[in-house]
Amino acid sequence: MTHVEDELNSQPECWQRAADQAEAQARALPVPGERVAVVGCGTSYFMAQAVAALREDAGQGETDAFAASEFPHRRAYDRVVALTRSGTTTEVLDLLDRLRGTARTTAVTADPATPVMSLADETVVLDHADERSVVQTRFATTALTLLRAHLGLHSDRVVEDARTALDTPLLEGLLDRAQFTFLGRGWTVGLANEAGLKMREAALAWTEAYPAMEYRHGPISISTSNTATWMFGEAPEGLAGQVRDTGGLWIEGTLDPLAELVRAQRLAVALAAARGLDPDRPRHLTRSVVLAP
């Protein structure tokens, strides 16, 4: 079994531990009414998109998400939350250093022996969800689970759905598709983006991701009998029928959207194996992006 397979299979247990410790970590996390930015790079950026939408929809306060390298320094925030598995990513460290004295900062990381621990005002360490693999799975989803639980939006059903996602076979014929599109609405747009990234990283697959309503505005033109369109969460009325009319395979998300992401992770690993690729050694990628001075 590859590292990424082992790690993605451990997600139900990782999520439960994160949910259980959310209350103890509350002092380090945003409080209602704060104006918050959530930042990250790659997978962590897509988790930031999900967190920002969840928090604002929950009425907790204005919340934005940015790639760490694109943070708008002219905007004022009460708190900036940085998601960083390795704690060494250059763009995140540079941002936290620059924010000193201007906004309260919190870093959610997997490794306590890294520079991010001294740069952030508050830290949350999810070392039980650390990973050996380059391709992120459990750290990202565990960090999101912690923040969902902090918002009061986690339930036991999420963990059970994750187990279902791991135990249920992938759809027959799915590996034969030439192209995959992932769709989301609200907080699940970030999950759709992450599903597409997993497929590209692990399997070198042609994948795209969009807000569901945007799929009608051009991207649906690529849908054919050789493509799959996967919805995270509830689909806009009529969209499933429109995709099926093209001949494309429509996949309705029936589980909690975070558990649907686990299914997409499994697809990425399975497709990599079918193509003779090693998902633990994705092309041109490293576990952390550390830029030379």
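Please refer to the structure placed before this passage.
Here, residues in each chain are numbered from 1, in the same order as that chain's written sequence. Predicted model: local features are reported for residues with pLDDT of at least 70 only, side-chain atom pairs are reported and counted for 80 or more only, and whole-chain, interface and lining totals are derived from all residues. Processing note: side-chain calculations cover all non-hydrogen atoms of the structure and skip hydrogens and water entirely.

**Student:** Break down the overall build of the protein chain for me, citing the residues and quoting the values.
**Tutor:** A count of helical and extended segments in the protein chain gives 10 helices and nine strands. Two things to know: the radius of gyration comes from C-alpha atoms, and the globule rule equals 2.2 Å times the number of residues to the power 0.38. The C-alpha radius of gyration computed for the protein chain amounts to 18 Å, which stays within 12% of the reference 19 Å derived for 293 residues, consistent with globular compactness. Along the three orthogonal principal directions, the C-alpha set of the protein chain runs to about 55 × 40 × 40 Å. In this scheme, a residue with accessible area under 20% of its type's maximum is buried, one over 50% is exposed, and one in between is partly exposed, where area comes from a 1.4 Å probe on protein chains only. Looking at the protein chain residue by residue over its 293 residues, the buried ones come to 58%. Between two residues, a contact is recorded if the distance between any of their heavy atoms is within 4.5 Å. Counting only contacts in the protein chain whose residues sit at least 6 apart along the sequence, the fraction spanning at least 24 positions is 72%. In the form shown here, the protein chain has an accessible surface area of approximately 12500 Å², with 48% of it arising from carbon and sulfur atoms. Within this scheme the basic residues Lys and Arg register as positive and the acidic residues Asp and Glu register as negative, but His and the chain ends are omitted. For charged residues, the charge sits on one atom: NZ in Lys, CZ in Arg, CG in Asp, CD in Glu. Charge separation in the protein chain, taken as the distance between the mean sites of 28 positive and 40 negative side-chain charges, equals 3 Å. To qualify as a helix, a DSSP run of H or I must reach at least 4 residues; to qualify as a strand, a run of E must reach at least 2; elements of each kind are numbered from the N terminus. Here, Shrake-Rupley sampling with a 1.4 Å probe gives the accessible areas, and only protein chains in the shown set may cover a residue.

**Student:** I'd like a description of the sheet that holds strand S8 (residues 227–231), backed by residues and values.
**Tutor:** Spatially, the four strands line up as an open sheet ordered S7-S6-S8-S9, and their pairing is parallel. Edge strands, defined here as strands with exactly one partner in the open sheet, are strand S7 (206–211) and strand S9 (249–252). Within the sheet, the average angular offset between the axes of one strand and its neighbour, ignoring direction, is 20 degrees. Pairing geometry for S8 and S9, over four bridges, is parallel. Paired with Trp 230 across the two strands is Ile 251, which belongs to S9. Against the sheet, helix H8 (residues 188–203) makes contact with strand S6 (179–184) and S7, and its axis sits at roughly 160 degrees relative to S6, the strand it touches most. Axis geometry follows a simple rule: fit a line to the C-alpha atoms, using only the stretch in contact for helices, then measure angles between N-to-C directions, giving values from 0 to 180 degrees. Contacting S6, S8 and S9, helix H10 (residues 257–274) crosses the sheet at an angle of about 155 degrees to S8. The pairing criterion is simple: DSSP has to find at least two bridges between the two strands.

**Student:** Tell me what's going on with the packing of aromatic side chains, and back it up with residues and numbers.
**Tutor:** Aromatic ring pairs are defined here through the distance separating the ring centres and the angle between the ring planes. Each aromatic pair joins two rings of Phe, Tyr and Trp (for Trp, the six-membered one) with centres within 6.5 Å, and gets the label stacked for planes under 30 degrees apart, edge-to-face for over 60, and tilted for any other angle. Going through the model one piece at a time under the given rule, you end up with eight aromatic pairs. A ring pair is formed by Phe 66 and Phe 71, whose centres lie 5.8 Å apart and whose planes are at 80 degrees; its orientation type is edge-to-face. This pair shows no difference in class: Phe 66 is buried, exactly as Phe 71 is. With centroids separated by 6.3 Å and ring planes inclined at 70 degrees, the aromatic side chains of Phe 66 and Tyr 77 adopt a geometry described as edge-to-face.

**Student:** Lay out helix H3 (residues 43–57) with the relevant residues and their values.
**Tutor:** Taking 1.5 Å as the rise per residue, H3 with 15 residues should run 21 Å; its terminal C-alpha atoms sit 22 Å apart, in good agreement. With 11 of 15 residues buried, H3 is to be regarded as a mostly interior element. By the burial criterion, the buried members of H3 are Thr 43, Ser 44, Phe 46, Met 47, Ala 48, Ala 50, Val 51, Ala 52, Ala 53, Leu 54 and Arg 55. Those residues of H3 hidden inside the fold are in contact with strand S1 (36–40), strand S2 (63–67), strand S3 (79–84), helix H6 (138–150), H8 and H10. To estimate the expected span of a helix, subtract one from its residue number and multiply by 1.5 Å.

**Student:** So what's going on with the environment of Ala 76? Which residues, and what values?
**Tutor:** Tracing the sequence through the fold places Ala 76 in the loop between S2 and S3. The class for Ala 76 is exposed, based on a relative accessible area of 58%. On a C-alpha basis, the gap between Ala 76 and Thr 106 in space is 16 Å, while along the polypeptide they are 30 residues apart.

**Student:** Help me get a handle on the packing of H3 against H8, residues and values and all.
**Tutor:** Describing two packed helices takes the angle between their axes plus the distance from one axis to the other. Interhelical geometry of H3 versus H8 gives an angle of 160 degrees and a closest axis separation of 7 Å. Here H3 lies roughly antiparallel to H8, going by the angle between them. Crossing geometry of H3 relative to H8 is assigned as left-handed. On the side of H3, the interface is formed by Thr 43, Phe 46, Met 47, Gln 49 and Ala 50, while H8 contributes Gly 190, Leu 191, Asn 193, Glu 194, Leu 197 and Lys 198. Residues of the contact of H3 with H8, tallied by class, amount to five nonpolar, four polar and two charged. Here is the rule for angles: anything less than 35 degrees is roughly parallel, anything more than 145 is roughly antiparallel, 65 through 115 is roughly perpendicular, and the remaining ranges are oblique. Crossing handedness is read from the near helix: turned anticlockwise from the far helix by less than a right angle, it gives a left-handed crossing, and turned clockwise, a right-handed one. Residue polarity follows a fixed list, in which Ala, Val, Leu, Ile, Met, Phe, Trp, Tyr, Cys and Pro are nonpolar, Asp, Glu, Lys and Arg are charged, and the others, Gly among them, are polar.

**Student:** So, the packing of H6 against H10: which residues are in play, and what are the values?
**Tutor:** Where H6 meets H10, the axes come as close as 11 Å, and the angle between the chain directions of the two elements is 175 degrees. Here H6 is positioned roughly antiparallel relative to H10, judged by the angle of their axes. From H6, Thr 141, Leu 144, Thr 145 and Arg 148 reach across to H10, where they touch Leu 258, Leu 261 and Gln 265. In the contact of H6 with H10, the residues fall into three nonpolar, three polar and one charged.

**Student:** Can you lay out the sheet that holds S1 for me, pointing to particular residues and giving the numbers?
**Tutor:** Spatially, the five strands line up as an open sheet ordered S2-S1-S3-S4-S5, and their pairing is parallel. Pairing within the sheet leaves two strands with one partner each, and these edge strands are S2 and strand S5 (122–125). On average, each strand axis in the sheet is inclined to that of its neighbour by 20 degrees, with strand direction left out of account. Those strands touched by helix H4 (residues 90–99) are S1, S3 and strand S4 (104–109), and its axis lies near 160 degrees from that of S3.

**Student:** An account of the pairing of S3 is requested, with residue identities and associated values reported.
**Tutor:** In terms of burial, S3 is largely enclosed, as six of its six residues are buried. In S3, alternate side chains face the same way, and those of Arg 79, Val 81 and Leu 83 on one face and Val 80, Ala 82 and Thr 84 on the other are all buried. For S1 and S3, the ladder comprises four bridges, and the chain directions are parallel. Residue pairing across strands places Val 38 opposite Val 81, the latter belonging to S3. One ladder, built from six bridges, connects S3 with S4; its direction is parallel. Residue pairing across strands places Thr 84 opposite Thr 109, the latter belonging to S4. Orienting the strands away from the viewer, one traces the path from the first strand over the helix to the second; a clockwise path indicates a right-handed crossover. On the question of chirality, the crossover connecting S3 to the parallel S4 by way of H4 is right-handed.

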